[in-house]
Amino acid sequence: MIKTVRGFVSHFKPLFVAAILCVGLSGCSTNPATGQQQFTALMSPQQEAQVGANEHANIMKTYGTVGIPALESYVSKVGAGVAANTERGDVRYQFFVLDDPMVNAFALPGGYVYVTRGLLAQANSEAELAAVLGHEIGHVTGRHSAERYSRGVVTSIGAAVLSAALDSKAASQALGVGSDLFMKSYSREQESEADGLGLRYMTRAGYNPKGMPAFLTALEGNTALESRINGKGGGGPDWFSTHPLTANRIQDTLILSQNYSQSGTVERDSYLSMIDGMTYGDSEKHGFARGNVFYHPKLDFTFAAPQGFEIVNQPEQVIARDKKSGAAIILDAQSVPQAMDARTYMQQVWMKGEALPDMESIDVNGMEAATAGFTGTVGGRAAQIRIVAVKWSADTFFRFQFAIPQGAPAALTEDLKRTTYSLRRMSAQEKRDIHPYKLRIVTARAGDSIASLANGMPFNSYREERFRALNALMPGQGIEPGARYKVISDR
Ligand code: ZN
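Everything numeric here is computed off the predicted structure, so don't read it as measured data.

Draft legend 1. Broad picture of the sheet that holds strand β3 (residues 94–98). Reading across from one edge, β3-β5-β4 is the order of the three strands in this open sheet, with mixed pairing throughout. The sheet is open, and its two borders are formed by β3 and β4 (105–108), each paired with just one other strand. The average undirected angle you get between the axes of adjacent strands in this sheet is 20 degrees. Across four bridges, the pairing between β4 and strand β5 (residues 112–116) is antiparallel. Among the inter-strand pairings, A105 is bridged to a residue of β5, identified as V115. Of the strands in this sheet, β3, β4 and β5 are in contact with helix α2 (residues 45–62), which crosses β5 at around 25 degrees. The strands that helix α3 (residues 69–83) touches are β3 and β5; relative to β3, the one it contacts most, it runs at about 145 degrees.

Structure follows, in structure tokens:
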């Protein structure tokens, strides 16, 4: 979690107040990218670099990079090419590919630009990647990120649901809220300004401007499918939550792109080669769900949520929710400085000395554990809260938090009990057989169809629709023999 965000927001508030007083004096400067008078005295370029550096460390800790040097240096090379064409030579741009399955890209003050592997999976050419990087660079040169930071509108990512909260017991309120956005969204004006600047930079770097509307179209198709599959909202922040897609944005960038040479490069095939074999969805490092079972090969554990629960994997916790009953499960881990038993941990460390009259000792697959229950609220409704601490190793406890809203079916209590006792180490066979999904590039042969290419994808539903969205195929557009396509594979 990005814990220090709040800290620096409050740090910068006094600066903001001071800056208001000097509007029109030193408060405004002319932005070399946009030519606009801008209100940025609140953050000097040095401060921008400092804020960026601090946040960058948090982002690396939370997500880390994708760990594919060839892909990372490729993205840096494309980014550097685009960044070489900006008006702000004082900014040192750096590009990172985050190990995050969400489709997202963002920039921090100071020239830190991030794309997720989820976004790379959705793009279909180097020109589209250049468009995304150009857009994010546009937010930096337009100083939108600096403005946003200065105004203190940053919120922290996925503010841990119950963990800290249960200390007060009121914290269970937070359940059902879902992840917060990493940052509040840019304004419409900032979005279209960043689109315009991005087009300028990417075309100066030699890319075809159609990459921008093409990427927005691909993203729109993917988002539409996701909401069809999941109802509204996935597991975390995505690009559209911070970069709103107005109805006109695709159309606007199409029109704007007419002002530039159409002979720039697209580089579809070389781009697809770069992302071939990349992990798709949740990774080995962060664990992943298969149906209602969660596997974490790296930390060597698995547990099963009740049937029908949706598992959402977040950097520091796993959440499982049942939309029907409103019940929720959170699993996370805490290390302790010295060995202790589960009861001591629960009472003294986790619950900070709170009385737990019904605390009892249990055994979870040979591991010492303690459990306690009390009443709380979830989303404003009264709920039964149950917590379980399992002594995973000498200095680490795994912690379940269960919230069962009043009126939930009685059987649910039994189901959640089974979840507690499902926590165990992965078997050797599971480690051999269960892997994260990969993105693979295949070349269509004569006779191939969308159905034949989509059929091998490891999903129970929407296979063809997923294939179409992944490859940004237009309605009615079929497969061309000899062309290359993205598919998802479980090996
Ligand atoms: Zn944007």
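There's plenty left to go through after this.
Draft legend 2. How the structure looks around the packing of helix α5 (residues 126–141) against helix α8 (residues 211–230). Where α5 contacts α8, the axes come no closer than 8 Å and their chain directions differ by 90 degrees. Classified by the angle between their axes, α5 and α8 sit roughly perpendicular to one another. Of the residues in α8, those in contact with A127, E128, A131, V132 and H135 of α5 are G211, M212, A214, F215 and A218. Within the contact of α5 with α8, the residues separate by chemical class into seven nonpolar, two polar and one charged.

Draft legend 3. Region of interest: the pattern of salt bridges. Applying the stated rule across the entire model yields 13 salt bridges. Of the charged contacts, one joins R386 and D358 as a salt bridge, the two residues approaching to 3.7 Å between their closest N and O atoms. Taken as a pair, R386 in strand β15 (residues 381–393) and D358 in the loop between α12 (342–350) and β13 (360–364) lie far apart in primary sequence, 28 residues in all. A residue is classified by how much of its surface remains accessible, and R386, at 30% relative accessible area, is partly exposed. Judged by relative accessible area, which is 35%, D358 ranks as partly exposed. With its nearest N and O atoms 2.9 Å apart, the salt bridge here joins R424 to E430. Linked through salt bridges whose partners overlap, the residues forming this network are D99, R117 and K285.

About the thresholds
Residues numbered from 1 in each chain as written. Predicted model: local features only at pLDDT ≥ 70, side-chain atom pairs only at ≥ 80, totals over all residues. Heavy atoms only, no water. Pairing = 2+ DSSP bridges. Helix = DSSP H or I, 4+ residues; strand = E, 2+ residues; numbered from the N terminus. Axes fitted to C-alpha atoms, helices over the stretch in contact; angles between N-to-C directions. Contact = heavy atoms within 4.5 Å. Parallel < 35°, antiparallel > 145°, perpendicular 65-115°, else oblique. Nonpolar A, V, L, I, M, F, W, Y, C, P; charged D, E, K, R; others polar. Salt bridge = Lys/Arg side-chain N within 4 Å of Asp/Glu carboxyl O. Buried < 20%, exposed > 50% of the residue type's maximum accessible area, 1.4 Å probe, protein only.

These results come straight from atomic positions and should not be treated as a statement about function.
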